[in-house]
Amino acid sequence: MPDPEPGLAAALDDLEARQLRRHRRIAEAGASLPWARIDGRDIRVFCSNDYLGLAHDPRLAEVMARAVRDWGAGAGAAHLVSGHTAEHHALEEALARFTGRQRALLFSTGYMANLGVLSALAGRGDLVVEDRLNHASLIDAARLCGARVRRYRHADADAAAERLDAPARRRLLVTDGLFSMDGDVAPLAALHAAAHANGAWLVVDDAHGLGVLGDSGRGSLEAAGLDTTAAPVLVGTLGKAFGVFGAFVAGSDDLIETLINRARSYIYTTAPPPAVAAAARAALAIASEEGWRRQRLCALVSRFRSGALALGLRLLPSASPIQPILVGTPKAALEASETLFRKGFWVAAIRPPTVPAGTARLRVTLSAAHVDQDVDDLLEALAAADIARAAA
Ligand SMILES: *Cc1c(COP(=O)(O)O)cnc(C)c1O
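A quick note: this is a predicted structure, and the numbers were derived from the prediction, not measured.

**Here we look at the pairing of strand β1 (residues 35–38)**
For step 1, the next point in the chain: Here β1 shows a clear split, with Ala36 and Ile38 buried on one side and none of Trp35 and Arg37 buried on the other.
For step 2, the next point in the chain: Relative to strand β2 (residues 41–45), β1 runs antiparallel, the two sharing 4 bridges. When the bridges of β2 are listed, Trp35 appears paired with Arg44.
For step 3, the next point in the chain: Here β1 folds back onto β2 in antiparallel fashion, the turn holding 2 residues, of which Asp39 has a positive phi close to 50°.

Okay, here's the thing in structure tokens:
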């Protein structure tokens, strides 16, 4: 019989042979982050984005459960039809206040927010300039919007300025705030200057920075000492530090009205469940009130870094809760991750194409839900695992 799906099995085998095939683990009920239950065994999670330890906060579960009873399970339609409820609207107002912007617009996911922003703001005749290590959703959004795309060397504001210097109707300079695979921050002050000098708009996707960086958790712009006008377009997610689900764009009244009218990933999709919006708003309030969560996180990051450096592990210069350990090949990353898993620690192996070839890594993420002992136990397991060390 002819193969009805020619090529698929062979391509999957090829991925497998190169140690690049992805598999999922199934988490079972009964454990709360930073613990997960896999095959009946409880294991410590060092790969979630639950930086503030809010995803399993019982207060948020209670708010969400109450909102489900009040609003039902689903929104029933897109925002522009009948799906935009008072819960969604209250969350947008809270996000505008939190980010210091005129308005905010809720999207279902960060991926969709980025598609929406770039497709609404750029098209043929426009120029989108991106950091090479930007999140996949920003890269995909730029490709899809039809604008000319130029990429610059990671975190190099001079290279960004040089790329911006090209004929275009509108210029967007687009960057992650805190880079998800390296844990470093964009040189936002220099990028702002480059954008300003070239008549470009700075678009900052602070999916990992919001709630975590800056004295009050306002993210990488606050940490860089910049005011909100430096980046007229700010993208954030609600599924990482805020522990729930969803995403938003914050900016001026005109920006938000433009997105409502032009962003296809906003218009042609069902609004998130109102209960999700209710929980996200509660999470935003808790994150703002409970500054100890950021302080705990900072202390855990320092504890991890000093321990890992003492072991000779190859860390990247990251002061964030994202702490990659470079191991080189996909095989080495997978083996180290498997070894740790057997010892009871869930640390993701990150391989190409998510990161450049030759830089496969273990990506350790820390959470305010961890305690010192969790970090110490992970360090002990890392010491025993066979991981390449830095030359002394
Ligand atoms: C996670 C992430 C996204 C996607 O957000 P989701 O809400 O998970 O779809 C977008 N941008 C960056 C920089 C991210 O890290």
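**Here we look at the sheet that holds strand β13 (residues 360–365)**
For step 1, the next point in the chain: Pairing within the open sheet is antiparallel, and its 3 strands lie in the order β10-β13-β12. Each end of this open sheet is capped by a strand with a single partner; those strands are β10 (322–328) and β12 (348–350). Going across the sheet, the axis of each strand differs from the next one's by a mean of 30°, ignoring polarity.

**A look at the site of the ligand**
For step 1, the next point in the chain: Near the ligand lie 13 residues; those nearest to it are Gly110, Tyr111, Asp205, His208 and Lys240.
For step 2, the next point in the chain: Within the contact set of the ligand, a nitrogen atom lies 3.5 Å away from a side-chain nitrogen or oxygen of His135.
For step 3, the next point in the chain: The separation between an oxygen atom of the ligand and a polar side-chain atom of Lys240 is 2.7 Å.
For step 4, the next point in the chain: With the chains in place, 83% of the 380 Å² that the ligand exposes on its own is no longer accessible.
For step 5, the next point in the chain: Here the element with the most residues in the shell around the ligand is helix α5 (residues 110–121); it accounts for 3 residues.
For step 6, the next point in the chain: Across the shell around the ligand, the residue classes break down as 2 nonpolar, 8 polar and 3 charged.

**A short note on the nonpolar core**
For step 1, the next point in the chain: Counting residues in each nonpolar core, the largest one holds 80 residues, and the members touching the most others are Leu173, Leu191, Phe304, Ile325, Leu382 and Ile387.
For step 2, the next point in the chain: At 9 residues, helix α12 (residues 274–289) tops the list of elements feeding residues into this core.
For step 3, the next point in the chain: In contact with Phe304, other than residues within four places in its own chain, are Leu315, Gln323, Ile325, Val364, Leu366, Val375, Leu378, Leu379 and Leu382.
For step 4, the next point in the chain: In terms of nonpolar packing, the next biggest core, distinct from the first, is built from 29 residues, Ala113, Ala142, Val174 and Val233 among them.

**Looking at the environment of Ala96**
For step 1, the next point in the chain: Within the element layout of this structure, Ala96 appears in helix α4 (residues 86–99).
For step 2, the next point in the chain: Here Ala96 falls in the buried class, since its relative accessible area comes to 7%.
For step 3, the next point in the chain: Along the chain, Ala96 and Ala250 lie 154 residues apart, while their C-alpha atoms are 6.4 Å from each other.
For step 4, the next point in the chain: Contacts of Ala96, omitting those with residues within four sequence positions, involve Arg101, Gln102, Arg103 and Ala104.

**Points about the sheet that holds strand β8 (residues 233–237)**
For step 1, the next point in the chain: The sheet built from 7 strands is open, its strands ordered β3-β9-β8-β7-β6-β4-β5 with mixed pairing. The open sheet has two free edges, formed respectively by β3 (103–107) and β5 (148–152), since each of these has just one partner strand. With strand direction ignored, the average angle separating the axes of adjacent strands in the sheet is 20°.
For step 2, the next point in the chain: In this fold helix α7 (residues 157–164) packs onto β4 (127–131), β5, β6 (171–176) and β7 (200–205), with an angle of close to 160° to the strand it touches most, β5.

**Topic: the domain arrangement of the protein**
In many reports, interface size means the accessible area that the parts give up when they come together.
For step 1, the next point in the chain: Along its sequence, the protein is organised into domain 1 (23–52 + 291–391) and domain 2 (58–289).
For step 2, the next point in the chain: The interface of domain 1 with domain 2 comprises 22 residues on the first partner and 22 residues on the second.
For step 3, the next point in the chain: When the area that domain 1 buries against domain 2 is broken down by residue, the three leading residues are Tyr51, Leu52 and Arg294, summing to 33%.
For step 4, the next point in the chain: Linking domain 1 with domain 2 are 1 salt bridge.
For step 5, the next point in the chain: For the salt bridge of Arg361 with Asp182, the shortest nitrogen-to-oxygen distance reads 2.7 Å.
For step 6, the next point in the chain: The interface formed by domain 1 and domain 2 contains 8 residue pairs in polar contact (both at pLDDT 80 or more).
For step 7, the next point in the chain: Sorting the residues of the side of domain 1 that touches domain 2 by element identifies α13 (292–310), β10 and β13 as the ones contributing at least two each.
For step 8, the next point in the chain: Broken down by element, the residue count for the side of domain 1 that touches domain 2 peaks at 3 residues, all from α13.
For step 9, the next point in the chain: Each residue belonging to the side of domain 1 that touches domain 2 can be placed in one class, and the counts come to 12 nonpolar, 5 polar and 5 charged.

**Things to note about the pairing of β5**
For step 1, the next point in the chain: Pairing of β4 with β5 involves 5 bridges; the strand directions are parallel. In the strand pairing of β5, Glu130 is matched with Arg151.
For step 2, the next point in the chain: The parallel pair β4 and β5 is bridged by helix α6 (residues 136–145), and the resulting crossover is right-handed.

**So, α13**
For step 1, the next point in the chain: Across its 19 residues, α13 extends 27 Å between first and last C-alpha, which sits within 8% of the 27 Å expected from 1.5 Å per residue.
For step 2, the next point in the chain: Buried within α13 we find Arg293, Arg294, Leu297, Leu300, Val301, Phe304, Arg305, Gly307 and Ala308.
For step 3, the next point in the chain: Within two residues after α13, Gly312 carries a phi angle of roughly 80°, on the positive side.

Each value, and the rule that gives it
- Residues numbered from 1 in each chain as written.
- Predicted model: local features only at pLDDT ≥ 70, side-chain atom pairs only at ≥ 80, totals over all residues.
- Heavy atoms only, no water.
- Buried < 20%, exposed > 50% of the residue type's maximum accessible area, 1.4 Å probe, protein only.
- Helix = DSSP H or I, 4+ residues; strand = E, 2+ residues; numbered from the N terminus.
- Pairing = 2+ DSSP bridges.
- Axes fitted to C-alpha atoms, helices over the stretch in contact; angles between N-to-C directions.
- Near = heavy atom within 4 Å.
- Polar contact = N/O pair within 3.5 Å; in protein donor to acceptor, adjacent residues only side chain to side chain.
- Areas by Shrake-Rupley, 256 points an atom, 1.4 Å probe, with all protein chains shown as cover.
- Nonpolar A, V, L, I, M, F, W, Y, C, P; charged D, E, K, R; others polar.
- Core = buried A, V, L, I, M, F, W, Y, C linked by side-chain atoms within 4.5 Å.
- Contact = heavy atoms within 4.5 Å.
- Domains from an automatic or database assignment.
- Buried area = accessible area lost by both parts, 1.4 Å probe.
- Salt bridge = Lys/Arg side-chain N within 4 Å of Asp/Glu carboxyl O.
- Right-handed = clockwise from strand over helix to strand, strands pointing away.
- Expected span 1.5 Å × (residues − 1).

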